[in-house]
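Structural description and commentary
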Amino acid sequence: MSVQVIGTPLRVARPRTRLRLEHFVMGGAILCLIVLVVLPLMSLLIGSLRGEQGISLQNFAEVATGRLYVSALKNSLILGAWTGLFSLIIGVALAWAVSRTDVPGKALIQITASLSYLSPPFLTAIAFVYLFSPNAGLINVLMRDVLGLPWLTFNVFSMTGLVLVTVLHTFPFVYLLASSALLSVDASYEEAAQILGASKLRTAFTVTAPLVAPAILSGTLLAFVNAIALFGSQAIIGLPGRIVTLPTRIYALFDYPPEYGLASAMSLLFVVITVVALYLQRAFLARRSYVTLAGKGARPQLMTLGPARWLVFGLVILVFIVAIVAPYATLIAVSFSKSWGLEFWKGLTLANYKFILFEYNVTQRAILNSLMLATIAATIAVILGAIIGWIDLRTRIPGRKLLDYAALIPLGLPGIVVAVALIQFWLAMPLALYGTLAILLLAYVGRYIPLGVRAANASLRQIDPSLEESAQILGASWLTTMREVTLPLIRPGLFAGWLLVFVPVIQELSASILLFSSSSITLAVAVYNLYETGYIEPVAALAIINMLIIGAAIWIANKLGGGKIASRTGMQRLAT
Amino acid sequence: MASITIKGLTKTFAPGDDDAPAAVAGLDLDIKDNQFITLLGPSGCGKTTTLRMIAGYIMPDAGTIHVNGQLVSSPGSVTPPDQRGMGMVFQNYAVWPHKTVYENVVFGLKIRKTPSAQVKKKMDETLALVNLTGLEARYPNELSGGQQQRVAFARSLVVEPEILLLDEPLSNLDAKLREQMRVELKRLQRRTGITFVYVTHDQAEALALSDQIAVLHAGRLQQYGTPQEVYGRPANRVVADFMGLVNLIPAKVAMARDGMGTIEAAGGLRLEVPLPSGINTGDGVEVSIRPENIRLGAAAGGARATISDRTFLGNINEYYASLDSGPTLRVQTHPAQVFTIGDKVAIEIDTTQCSVFRNNP
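Please read these numbers as outputs of a predicted model, since none were measured by experiment.

Considering the overall build of chain B
- Secondary structure assignment for chain B yields eight helices and 21 strands.
- In terms of its C-alpha atoms, chain B occupies a principal-axis envelope of roughly 75 × 45 × 40 Å.
- Looking at the 361 residues of chain B, the share that counts as buried comes to 53%.
- Accessible surface, chain B: about 14800 Å² in total, of which carbon and sulfur atoms supply 50%.
- The averaged location of the 37 negative side-chain charges in chain B is 3 Å from the averaged location of its 36 positive side-chain charges.

Written out as structure tokens, the structure reads:
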């Protein structure tokens with residue numbers, strides 16, 4: 001049999017230097033990144049230097065010396081330090097229990113950590129106010145008025161309360177990094193120490209601990225950075241307790257007349273703190289590489305705890321109750337009660353939901369806005385992330401690493417700082433974006449683009465470039481190659497990335513609080529405003545609706561993104 | 001059908017970049033129609049870089065590539081791979097894991113918008129050619145390594161390229177399968193008349209398959225010739241060393257005349273050998289002698305040596321024979337010819353098969 005030419009094979013074409021589609025796509029992505037991140041940051045810098053008489057360092061001088069500003073900085077650092085410490089303790093304890101002991105209920109630990117991470121922190125804060133506000137908090141009332149134990153009351157409007165509520169959101173950072181590090185330490189490392197005569201304890205301190213320490217430190221720094229950036233809990237818990245922090249101080253500067261210069265200077269100070277922390281975090285994480293070398297074959301040794309395992313299990317249950325059961329049960333209970341108090345169960349009603357969904361005219365708009373913004377922002381962030389990741393990994397364009405770094409900058413930008421930067425930038429532009437949905441979209445995409453880039457990067461690394469090259473040599477254009485080969489292969493990773501952006505966007509408060517207007521109000525802002533106005537029971541109903549939407553989104557994305565492709569294909573094998 | 005002319009091709013990569021491919025320097029290569037040519041060399045010699053420049057994935061820093069007389073690559077201007085109409089088989093096969101065998105193979109036909117009647121005919125022919133008939137609906141992870149390999153071939157062949165580029169396509173197969181695919185490849189090339197440009201580091205593979213071999217080392221072309229030329233008349237000691245086993249022995253030219261000469265080495269080795277031009281009496285040289293061109297005899301006469309080591313390799317016996325107060329030679333003999341360690345033997349060398357290289361200063 002012979003192969004004969006019966007069609008018209010592609011003939012060799014002349015070399016071309018003209019631009020192809022991919023160049024426009026790449027150029028567009030770079031331009032987006034500049035508009036989203038680089039220009040707003042630069043206008044933040046310019047804004048902070050603009051004094052009453054031209055360029056000056058006056059704003060920085062005031063931020064460095066003014067009592068209000070110094071105390072805000074101090075409070076933020078105290079909050080971050082305590083939160084970091086407790087996240088470290090809880091996170092490491094749980095990670096150790098899961099990966100190294102025979103403690104029962106390991107699935108519960110996993111669920112507790114995931115749910116704590118996914119729960120909007122301002123909702124947890126509101127729930128704890130319902131339980132522990134000094135006068136009306138349910139548990140405080142119970143202790144003081146019914147049981148006569150006033151010394152068992154707890155004032156949530158305090159630094160202790162703020163740390164408690166924040167830790168519930170940040171300990172998963174330590175937990176996730178520590179448990180993955182512990183799981184990837186190959187048992188043979190520990191066995192090698194033991195065969196040389198080291199006791200279990202000694203092995204733990206001399207072999208295991210140094211191997212996982214970078215991951216734990218890195219998780220602690222992430223907890224710190226995230227803790228100090230949370231506007232919601234710091235406003236809900238901190239302000240009534242007269243604890244003003246950086247985000248709440250910056251927010252206050254936008255009360256009429258807005259102090260743009262001071263807000264910019266404070267924002268920059270804020271950025272410096274988070275960037276230093278993140279730089280240290282990355283440096284620690286970089287040292288982790290030798291842990292993962294052991295690969296998947298790791299079989300960690302499980303410690304037999306004996307009766308002590310019930311003690312550890314008790315700790316797990318405690319965390320589960322405080323972090324998950326208490327806030328959710330409270331919100332659910334409040335949402336169904338006519339009037340929140342000791343006897344709330346006597347007047348259960350659906351009126352709050354009816355009010356929130358059909359009578360309060362903000363809700364529907366807020367839900368619609370949030371769903372729309374989160375969907376669009378997640379999609380754009382993932383698409384931009386895919387293009388930027390592709391440029392970084394698949395081209396040799398000079399400056400591609402710079403692009404990658406630019407896309408990671410927002411990791412160091414607290415939400416409120418993003419908002420200040422966008423306000424500064426867009427107020428100076430002839431385009432009236434302030435107060436529109438568009439500026440919220442810019443904030444969300446800009447803030448969460450690092451998650452899109454990371455997801456795309458991780459997926460692209462799994463795919464050998466030859467899979468794309470083989471399509472190209474067969475005559476496929478760039479677009480065809482992307483559509484037929486690259487995108488189908490990275491789809492599961494992109495869906496995961498999409499979800500990673502969608503969930504935080506739908507609960508975003510820190511940036512939204514400065515950028516919304518009555519027409520562009522979002523779900524989180526609606527909850528916060530309603531809470532501020534004192535609608536106790538309807539707030540809980542709205543909070544529950546908020547959680548249901550997040551849950552539904554995760555469920556749908558899991559369905560759509562399914563592991564179908566990944567499991568069907570030998571991607572791992574081909575990715576060598 | 002298709003010829004490739006490479007002139008002065010040069011590519012350097014920034015140092016320090018870990019995954020930077022090897023450099024190529026001033027490569028000239030003339031690949032004629034309907035040939036099986038091999039780029040051969042150790043890893044890091046620039047053979048894959050050269051192949052990827054032919055495919056259009058990499059832009060050269062200097063030099064040109066013409067295909068059928070048409071310029072396709074020069075610094076600053078490269079016809080992209082999808083406009084070259086070539087085929088390429090990758091080392092890791094690059095079979096798309098999310099497409100079935102059929103979807104993988106039919107891809108190029110779809111790109112070319114081939115009419116469906118022809119698609120069916122070509123698909124049937126090509127799948128039969130590579131023995132994949134009946135496996136159309138399988139996904140790659142349901143195939144063996146050899147089958148995935150054949151999918152990669154089918155995908156490249158179904159579009160009938162004039163040039164097929166192959167990047168170590170057999171290196172991931174086990175020895176037996178590799179042997180079998182070697183025969184099939186050679187047959188395939190003859191049958192289709194496609195110009196094959198084949199990259200490998202395996203000299204046996206290159207010798208078995210090629211019409212012409214281009215030996216590369218450190219980014220430079222060392223020799224371009226038929227397998228017989230490259231093996232039997234290596235252009236320099238790098239080629240001699242790379243093409244199979246060789247004894248390289250330092251020697252001195254005792255007398256040179258008309259392309260022939262007498263050279264002397266330690267241990268009383270005196271050989272009448274063909275000399276390359278420019279070598280004169282008194283020059284220091286190296287002589288390369290292949291182990292199979294040395295005979296061992298019990299009889300006296302010629303240089304004498306002592307057997308110092310012996311390895312039985314099944315089809316041959318390999319001996320190390322130490323010349324008295326001279327170098328040790330590696331010798332291959334018929335397995336029936338048996339000596340024991342310590343035996344005194346006479347050495348006889350087929351001088352017509354020796355090559356002489358000038359000493360590197």
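Don't stop here, the text continues.
What about the overall build of chain A?
- Across its full length, chain A carries 26 helices and two strands.
- Taken over C-alpha atoms, the radius of gyration comes to 26 Å for chain A, in line with the 25 Å a tight globule of 576 residues would show.
- The principal-axis extents of the C-alpha atoms in chain A amount to approximately 95 × 70 × 50 Å.
- Within chain A, the proportion of its 576 residues that are buried is 54%.
- Of all intrachain contacts in chain A linking residues separated by at least 6 positions in sequence, the fraction that spans at least 24 positions is 78%.
- Summed over all atoms, the accessible surface of chain A reaches about 25600 Å², with 69% contributed by carbon and sulfur.
- Averaging the positions of the 38 positive and the 21 negative side-chain charges in chain A gives two centres separated by 8 Å.

Digging into the pattern of salt bridges
- For the structure shown, the criterion picks out 20 salt bridges over all chains.
- Between E484 of chain A and K99 of chain B there is a salt bridge; the shortest N-O distance is 2.5 Å. In this pair, E484 of chain A is assigned in helix α21 (residues 478-506) and K99 of chain B in the loop between β7 (87-89) and α2 (101-111), connecting two distinct chains.
- Using a relative accessible area of 8% as the deciding quantity, one classes K99 of chain B as buried.
- With its nearest N and O atoms 3.9 Å apart, the salt bridge here joins E348 of chain B to R295 of chain B. Placement of E348 of chain B in strand β20 (residues 344-349) and of R295 of chain B in strand β16 (residues 294-297) is noted, with a sequence separation of 53 residues between them.
- Residue classification places E348 of chain B among the partly exposed residues on the basis of a relative accessible area of 48%.
- Within this structure, E179, R182 and D202 of chain B form a network of salt bridges that share partners.

Here we look at the confidence of the model for chain B
- When the pLDDT values of chain B are averaged, the result is 89; 97% of them are 70 or greater.
- At the level of chain-chain contacts, confidence expressed as ipTM amounts to 0.82, with global pTM at 0.81.

A word on the nonpolar core
- Judged by nonpolar contacts, the single largest core of 248 residues is most densely connected at I236, L331 and L515 of chain A together with I4, L165 and V197 of chain B.
- The element contributing the most residues to this core is helix α16 (residues 361-394) of chain A, with 15 residues.
- If we ignore the near neighbours within four places in the chain, the residues touching L165 of chain B are L51, I54, A55, M86, G87, M88, V89 and V197 of chain B.
- If you look at the next biggest cluster of nonpolar residues, it comprises 29 residues, including A265, I307, F339 and I347 of chain B.

Thoughts on the sheet that holds strand β10 (residues 212-217) of chain B
Residues and elements named next belong to chain B.
- With mixed pairing, the six strands of this open sheet are ordered in space as β7-β8-β9-β3-β10-β11. The open sheet is flanked by β7 and β11 (220-225), the only strands paired with a single partner. Pairs of neighbouring strands in the sheet enclose a mean axial angle of 15°, with direction left out of account.
- In the sheet, β7 pairs with strand β8 (residues 163-167) via three bridges, with the strands oriented parallel. The residue bridging V89 from the neighbouring strand is L166, located in β8.
- Set on the sheet, helix α5 (residues 175-192) makes contact with β3 (36-40), β8 and β9 (195-200); between it and β9 the angle comes to about 155°.

Things to note about the sheet that holds strand β19 (residues 328-333) of chain B
Residues and elements named next belong to chain B.
- Across the sheet, five strands lie side by side as β16-β20-β17-β18-β19; this open sheet has antiparallel pairing. Single-partner strands in this sheet number two, and they are β16 and β19. For this sheet, the mean angle separating the axes of adjacent strands, direction not counted, is 45°.
- Where strand β18 (residues 317-323) meets β19, six bridges bridge the pair, whose relative direction is antiparallel. Each residue of the ladder has a partner; that of S322, found in β19, is T328.

Some words on the packing of aromatic side chains
- For the structure on display, the rule yields 20 aromatic pairs over all chains.
- Measuring from ring centre to ring centre gives 4.9 Å for W340 of chain A and F344 of chain A, while their planes differ by 40°; the resulting arrangement is tilted. No difference in accessibility class separates W340 of chain A from F344 of chain A, as the two residues are buried.
- Taking 5.0 Å as the distance between ring centres and 75° as the angle between the ring planes, the aromatic pair formed by F425 of chain A and W426 of chain A counts as edge-to-face.
- Classification of W426 of chain A by relative accessible area gives buried; the value is 11%.
- Members of the aromatic cluster, joined through ring pairs, are F128, F132 and F154 of chain A.
- Directly above the ring of W96 of chain B sits R155 of chain B, whose terminal nitrogen or CZ lies 4.2 Å from the centroid.
- Directly above the aromatic system of Y231 of chain B lies the positively charged group of R290 of chain B, at a separation of 4.0 Å from the ring centroid.

Some words on empty space enclosed by the protein
All names here are of chain A.
- The tally for this structure, following the rule as stated, stands at three cavities of 30 Å³ or more.
- In this structure, the largest cavity spans a volume of roughly 70 Å³.
- Surrounding the largest cavity, L36, V37, P40, L41, L413, V418, A421, L422, G446 and R447 form its lining.
- Contributions of two or more residues to the lining of the largest cavity are made by α1 (21-49), α18 (415-427) and α19 (437-461).
- Broken down by element, the residue count for the lining of the largest cavity peaks at four residues, all from α1.
- Within this model, the second largest cavity holds a volume of roughly 50 Å³.
- Only α5 (121-132) and α14 (308-336) provide two or more residues apiece to the lining of the second largest cavity.
- For the lining of the second largest cavity, the element with the most residues is α14, which contributes three residues.
- Here the residues of the lining of the second largest cavity are counted per class, giving six nonpolar, two polar and no charged.

Comments concerning the packing of α1 of chain A against α18 of chain A
Residue and element names in this part refer to chain A.
- As a packed pair, α1 and α18 sit with axes 8 Å apart at the nearest point and diverge in direction by 80°. Between α1 and α18, the interaxial angle falls into the category roughly perpendicular. For the pair α1 and α18, the contacting residues are V35, L39, P40, L41, S43, L44 and G47 in the first and V417, V420, A421, L422, Q424, F425 and W426 in the second.
- Of the residues belonging to the contact of α1 with α18, the class tally is 11 nonpolar, three polar and no charged.

What to know about the pairing of β20 of chain B
All names here are of chain B.
- Of the strand pairs in this sheet, β16 and β20 are connected by four bridges, and their pairing is antiparallel. The residue bridging G297 from the neighbouring strand is A346, located in β20.
- Where strand β17 (residues 303-312) lies against β20, four bridges are found, and the strand directions are antiparallel. Counterpart to R304 in the pairing with β20 is A346.

Scoring rules and cut-offs
Residues numbered from 1 in each chain as written. Chains lettered and ligands numbered in written order. Predicted model: local features only at pLDDT ≥ 70, side-chain atom pairs only at ≥ 80, totals over all residues. Heavy atoms only, no water. Helix = DSSP H or I, 4+ residues; strand = E, 2+ residues; numbered from the N terminus. Buried < 20%, exposed > 50% of the residue type's maximum accessible area, 1.4 Å probe, protein only. Areas by Shrake-Rupley, 256 points an atom, 1.4 Å probe, with all protein chains shown as cover. Lys, Arg positive; Asp, Glu negative; His and termini not counted. Charge placed at Lys NZ, Arg CZ, Asp CG, Glu CD. Rg over C-alpha atoms; globule rule 2.2 N^0.38 Å. Contact = heavy atoms within 4.5 Å. Salt bridge = Lys/Arg side-chain N within 4 Å of Asp/Glu carboxyl O. pLDDT = per-residue confidence, 0-100. Core = buried A, V, L, I, M, F, W, Y, C linked by side-chain atoms within 4.5 Å. Pairing = 2+ DSSP bridges. Axes fitted to C-alpha atoms, helices over the stretch in contact; angles between N-to-C directions. Phe/Tyr/Trp six-rings, centres within 6.5 Å; stacked < 30°, edge-to-face > 60°. Lys NZ or Arg CZ within 6 Å of the ring centre and 35° of its normal. 1 Å grid on protein atoms, 1.4 Å probe; cavity = no way out; pocket = protein on both sides within 12 Å on 5 of 7 lines; lining within 4 Å. Points joined across faces, edges and corners; volume = space filled by probe spheres on them. Nonpolar A, V, L, I, M, F, W, Y, C, P; charged D, E, K, R; others polar. Parallel < 35°, antiparallel > 145°, perpendicular 65-115°, else oblique.

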